[in-house]
Amino acid sequence: MKDVNFRNGDAKTAIFGSEEMLQPSPVDKIPDGPTTPQIAYQMVKDETYAQTQPRLNLATFVTTYMDDYATKLMNEAININYIDETEYPRIAVMNGKCINIVANLWNTPEQEKWKSGALAIGSSEACMLGGVAAWLRWRKKRQAQGRPTDKPNFVISSGLQVVWEKFAQLWQIEMRQVPLTLEKTTLDPEDALKMCDENTICIVPIEGVTWTGLNDDVEALDKALDAYNAKTGFDIPIHVDAASGGFILPFLQPELKWDFRLKWVLSISTSGHKFGLVYPGLGWVIWKDKKYLPEEMSFSVNYLGANITQVGLNFSRPAAQILGQYYQFIRLGFEGYKNIQYNCMKVAEYLHEQIGKMKPFVNYSKDVVNPLFIWYMKPEYAQNGKWTLYDLQDKLKQGGWMVPAYTLPENIQNYIVMRIVVRQGFSRDMADMLLNDINNAITELEKLEYPTPTRIAQDKNIEIKGSVFTHTGSCKKK
Ligand SMILES: Cc1ncc(COP(=O)(O)O)c(C=O)c1O
């Protein structure tokens, strides 16, 4: 029987002495009445209490560590909506400064005071904007020539991130995939050109392929495309999806030409919230020049002492990330970014070397070109062992680590791999702890007398974790 006076509680009631702590959290219906902020806070906080620690999540590319001042700045700007430029004109200017800085990191030739680019929620929105611009430019040209515009296509490797499937579906633009193979681990320029025709709006190489961590060779593609365009009379451009590489290459491989130094690279996108070192969600897309950004996509404002161009799929969006990005640029400078990316690379190389020495494993590629890499099981282990990489993933999860196992894309889908992304906040010491945990997990898995359920599923052609295993032990993605 409920003692109303005692149980109803008030502001003095201890959180864990309250009635709410005996109730399940709301699932379908809004609660009838209010509760104290302390109790509401505790309930929401506790619901995520048992989750992996963000910095032990080696699956994500997205920033999980920023310093206290960055966090303070971003928290202080949490109530600012970027779109309200009239109220917050300084933030629009700050956004323009970030676009300028990113454009110059990528060697833009544009001479305007404010470079042509746009803020995005992440690479996904940034890729979409780059893709739409390419499509509108192609369409305008075709219309002027009186040619049909109903069958646009773009060319990309099968190592594409899901955003490009979305782009193809949402804008109804055919996606032509150049298959990756064990021999051709990145986009082959000649194979890409074989898929091009007069309806190709752009080719999309990737710097920091999500599945493998490798880089497509944009310079070789640009060279081959230049000859192709000259021969055919087409002017197919390149949009570089540099979701990760956009903030790695300028610091660690400044001599590598993958950016606006190349003739046919007209737009580039990246995630400010990956190696741009800002909490989610932030992306950037930059065009080589104003003339490549179709007017239909831009909204100009002239009340900021200059013309600032606004482009985006979203309207309202948080401004805090812009402050976070600008803070990082000032706080770290070129040298500071270089130091962090260098350390990430060194830790990734160390892990790559150590994992490559472990008896059951082979690294997918010899080199580490971005601070992430994948490995798979040696064929004899994959065929005779009692466990799979999915079992290792589960074991590591017990220690708080998230190290994902997955199958590679079409053509190489027989390979189950594991991936580690090293980000700011992951030190050499933590790498040693992880290696220790991997070694312990392997020792335990090696002691198994019977195959694990994933191993049995693999042998019996049972669907597991989004893949269908065949009798031969290979598997294909559903
Ligand atoms: C190559 C590539 N493109 C696009 C994206 C999408 O990025 P975002 O999560 O910033 O939207 C990713 C994310 O991992 C990626 O790796």
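Residues numbered from 1 in each chain as written. Predicted model: local features only at pLDDT ≥ 70, side-chain atom pairs only at ≥ 80, totals over all residues. Heavy atoms only, no water.

Turning next to the domain arrangement of the protein chain. How big an interface is tends to be expressed through the accessible area that disappears when the partners come together. Considered domain by domain, the protein chain is made up of domain 1 (1–37), domain 2 (81–317) and domain 3 (343–477). Here the C-alpha centre of domain 3 lies 32 Å away from the C-alpha centre of domain 2. Of the residues lining the interface, 21 residues belong to domain 2; the matching set on domain 3 comes to 24 residues. Taken together, the two surfaces of domain 2 and domain 3 that pack against each other cover about 1,700 Å², and 67% of this comes from carbon and sulfur. Connecting domain 2 to domain 3 are 0 salt bridges. If you look at where domain 2 meets domain 3, you find 4 residue pairs in polar contact (both at pLDDT 80 or more). (Domains from an automatic or database assignment. Contact = heavy atoms within 4.5 Å. Buried area = accessible area lost by both parts, 1.4 Å probe. Salt bridge = Lys/Arg side-chain N within 4 Å of Asp/Glu carboxyl O. Polar contact = N/O pair within 3.5 Å; in protein donor to acceptor, adjacent residues only side chain to side chain.)

Here the focus is the sheet that holds strand 11 (residues 372–377). The pairing of strands in a sheet comes from backbone hydrogen bonds and takes either a parallel or an antiparallel form. Reading across the sheet, the 4 strands line up as 10-11-13-12 and stay open at both edges, with antiparallel pairing between neighbours. Whereas interior strands pair on both sides, the edge strands pair on one side only; in this sheet they are strand 10 (361–363) and strand 12 (405–407). Between one strand axis and the next, the sheet turns through 40° on average, direction left out of account. By the bridge criterion, 3 bridges tie strand 10 to strand 11 in an arrangement that is antiparallel. Paired with Val362 across the two strands is Tyr376, which belongs to strand 11. (Pairing = 2+ DSSP bridges. Helix = DSSP H or I, 4+ residues; strand = E, 2+ residues; numbered from the N terminus. Axes fitted to C-alpha atoms, helices over the stretch in contact; angles between N-to-C directions.)

Attention now moves to the confidence of the model for the protein chain. Interpreting fine coordinate detail is not advised for predicted regions of low pLDDT. Predicted confidence across the protein chain gives a mean pLDDT of 91, with 92% of residues reaching 70 or more. Across residues 465–478, confidence stays below pLDDT 50; counting only partners more than four residues off in sequence or on other chains, it has 43 contacts. (pLDDT = per-residue confidence, 0-100.)

A few words on the nonpolar core. Formed by 97 residues in total, the largest nonpolar core has its most connected members in Leu351, Phe361, Leu392, Ile420 and Phe426. Tallying contributions element by element places helix 10 (residues 320–357) first for this core, with 16 residues. When residues of this core are sorted by domain, at least three fall in each of domain 2 (81–317) and domain 3 (343–477). Counting residues in each nonpolar core, the second largest holds 41 residues, with Ala134, Leu180, Val209 and Leu408 among its members. (Core = buried A, V, L, I, M, F, W, Y, C linked by side-chain atoms within 4.5 Å. Buried < 20%, exposed > 50% of the residue type's maximum accessible area, 1.4 Å probe, protein only.)

Time to look at the site of the ligand. Around the ligand sit 13 residues, and of these Ser123, Ser124, Asp241, His273 and Lys274 come closest. Within the contact set of the ligand, an oxygen atom lies 2.7 Å away from a backbone nitrogen or oxygen of Ser123. Out of a free accessible area of 390 Å², the ligand has 88% covered by protein chains. Tallied by class, residues from the shell around the ligand come to 3 nonpolar, 8 polar and 2 charged. (Near = heavy atom within 4 Å. Areas by Shrake-Rupley, 256 points an atom, 1.4 Å probe, with all protein chains shown as cover. Nonpolar A, V, L, I, M, F, W, Y, C, P; charged D, E, K, R; others polar.)

Let's shift gears to helix 8 (residues 218–232). The terminal C-alpha atoms of helix 8 lie 20 Å apart, and with 15 residues this matches the ideal 21 Å at 1.5 Å per residue to within 8%. Listed as buried for helix 8 are Val218, Leu221, Asp222, Ala224, Leu225, Tyr228 and Asn229. By the N-cap criterion, in which a side-chain oxygen at the helix start approaches the backbone nitrogen of a residue two or three places on, helix 8 is capped by Asp217, the distance to Glu219 being 3.3 Å. Positioned one or two residues after helix 8, Gly233 has a phi angle of 85°, which is positive. (Expected span 1.5 Å × (residues − 1).)

Attention now moves to the packing of aromatic side chains. What the rule picks out here adds up to 17 aromatic pairs. Taken together, a centroid distance of 5.9 Å and an interplanar angle of 45° make the contact between Phe329 and Tyr337 tilted. Neither Phe329 nor Tyr337 differs from the other in exposure class; each is buried. Taken together, Phe247, Phe251, Phe329, Phe334 and Tyr337 form an aromatic cluster joined through their ring pairs. Its end group placed over the ring of Phe61, Lys274 keeps NZ or CZ at 5.9 Å from the ring centre. A cation over an aromatic ring shows up here: Arg428 above the ring of Tyr350, its NZ or CZ 3.6 Å from the ring centre. (Phe/Tyr/Trp six-rings, centres within 6.5 Å; stacked < 30°, edge-to-face > 60°. Lys NZ or Arg CZ within 6 Å of the ring centre and 35° of its normal.)

A few words now on the pairing of strand 2 (residues 153–157). Summarising burial for strand 2: 5 of the 5 residues are buried, a large majority. Of the two faces of strand 2, the one holding Asn153, Val155 and Ser157 and the one holding Phe154 and Ile156 are both buried throughout. One ladder, built from 5 bridges, connects strand 2 with strand 3 (residues 174–178); its direction is parallel. For Ser157, the partnering residue across the bridge sits in strand 3 and is Val178. Handedness of the crossover is the feature at issue here: the chain leaves strand 2, passes through helix 6 (residues 162–171), returns alongside strand 3, and the resulting connection is right-handed. (Right-handed = clockwise from strand over helix to strand, strands pointing away.)

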